[in-house]
Amino acid sequence: MPNRPRCTWCGTDPLYCAYHDEEWGVPLHDERALFEFLILEGAQAGLSWFTILKKREGYRRAFDHFDVERIARYGEADVARLMADAGIVRNRLKIESTITNARATLALRETGGLDAYFWNFVDGRPIDNARKNIGQVPASTPLSDAISKDLKKRGFKFVGSTIVYAHMQATGMVNDHTVDCFRHREVAAAAQRK
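No experiment lies behind these values; they were computed from the predicted model shown.

Asks: A description of helix α9 (residues 142–153) should follow, citing residues and the corresponding values.
Replies: In this model α9 runs 17 Å from its N-terminal to its C-terminal C-alpha over 12 residues, within 8% of the 16 Å that 1.5 Å per residue would give. Residues S144, I147, S148, D150 and L151 constitute the buried set of α9. Projection of α9 onto a plane perpendicular to its axis shows the buried side chains occupying an angular sector of 165°, all on one side. For α9, exposure combined with an orientation more than 90 degrees from the buried face picks out P142, K149 and K153. Structurally, α9 contributes buried residues whose contacts are with α8 (113–120) and α10 (161–170). G155 occupies a position one or two residues after α9 and carries a positive phi of about 100°.

Listed below in structure tokens is the structure:
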């Protein structure tokens, strides 16, 4: 859909446009996918999202398709294997945080899992921000500050407020498609139907 108006951040690359058009901002309730986005947003720290998006399949392969139970059992041999994998960002702290976050995610299952955890912060309904332009989109908000603080208290790593806000945008907790983007209305309508 090359002629449709989009959020300016996605540019014209087909991979980026497909991500924008099909995934970004759509309310997500799948546990595995929520964990995947949490890990990928953390991996992005200091890098561009496009860099991570291009490595997404590498991450899925390297991290057992984001199977939380399997990742939670990873040990030093797995860390060494991952440090040698060119299909992901080979940063020891980010790799180790994925394992830590898998273990923290398992602990959250006692209270409903990632889906219940994240969506309780917005009473189960996406926040439609109706931004007029990309300049109005913040890097973080008081809500992402609160979620970040709580995640850290629960033992999660690489979950600063900016990372959390990016996660909220990606998983549809907030609709930050600009109002001139064709996806703004579609995402808002989908959220109303659920």
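Having seen the structure, we can now continue with the description.
Asks: I'd like a description of the nonpolar core, backed by residues and values.
Replies: One finds F63 and F118 to be the most contacted residues of the largest nonpolar core, which totals 49 residues. Counting residues per element, this core draws most heavily on helix α2 (residues 31–44), at eight residues. Beyond its immediate stretch of four places on either side in the chain, F118 contacts L38, I147, L151, H167 and M173.

Asks: So what's going on with the side chain of H167? Residues and values would help.
Replies: Within the secondary structure layout, H167 lies in helix α10. Here the side chain of H167 touches L34 through a polar contact of 3.1 Å, landing on its backbone oxygen. If near-sequence neighbours (up to four positions away) are discounted, H167 is found in contact with L34, F37, L38, E41 and F118.

Asks: Hey, could you go over the pattern of salt bridges for me, with residue numbers and the actual values?
Replies: Summed over all chains, the structure comprises 17 salt bridges. With a closest N to O distance of 2.9 Å, D85 and R61 form a salt bridge. Here D85 is found in the loop between α6 (76–83) and α7 (92–108), whereas its partner R61 is found in helix α4 (residues 56–62), with 24 residues between them in sequence. Its relative accessible area of 13% is what places D85 among the buried residues. Salt bridges here are not isolated pairs; linked through shared partners, they connect E23, R32, E36, R56, E57 and R60.

Reading guide: rules and limits
- Numbering of residues starts from 1 in each chain and follows the order in which that chain's sequence is written.
- Owing to the predicted nature of the model, reporting of local features is limited to residues with pLDDT of at least 70; listing and counting of side-chain atom pairs is limited to 80 or more, with chain, interface and lining totals taken over all residues.
- With hydrogens and water stripped out, all remaining heavy atoms of the structure feed into the side-chain values.
- Under the DSSP-based scheme used, a helix requires at least four consecutive residues in state H or I and a strand at least two consecutive residues in state E, with every element numbered from the N terminus.
- For a helix, the expected span equals 1.5 Å multiplied by the number of residues minus one.
- Relative accessibility thresholds used throughout: buried, under 20% of the residue-type maximum; exposed, over 50%; partly exposed, between the two (1.4 Å probe, protein chains only).
- For this quantity, the arc is that covered by the directions from the helix axis to the C-beta atoms.
- The contact criterion used is simple: two residues touch if any of their non-hydrogen atoms lie within 4.5 Å.
- Put simply, buried Ala, Val, Leu, Ile, Met, Phe, Trp, Tyr and Cys residues joined by side-chain atoms within 4.5 Å make one nonpolar core.
- Pairs of N or O atoms within 3.5 Å make up the polar contacts considered here, provided that, within protein, one atom can donate a hydrogen while the other can accept it, and that residues adjacent in sequence are counted only when both atoms are side-chain atoms.
- Any Lys or Arg side-chain nitrogen found within 4 Å of a carboxyl oxygen on Asp or Glu counts as a salt bridge.

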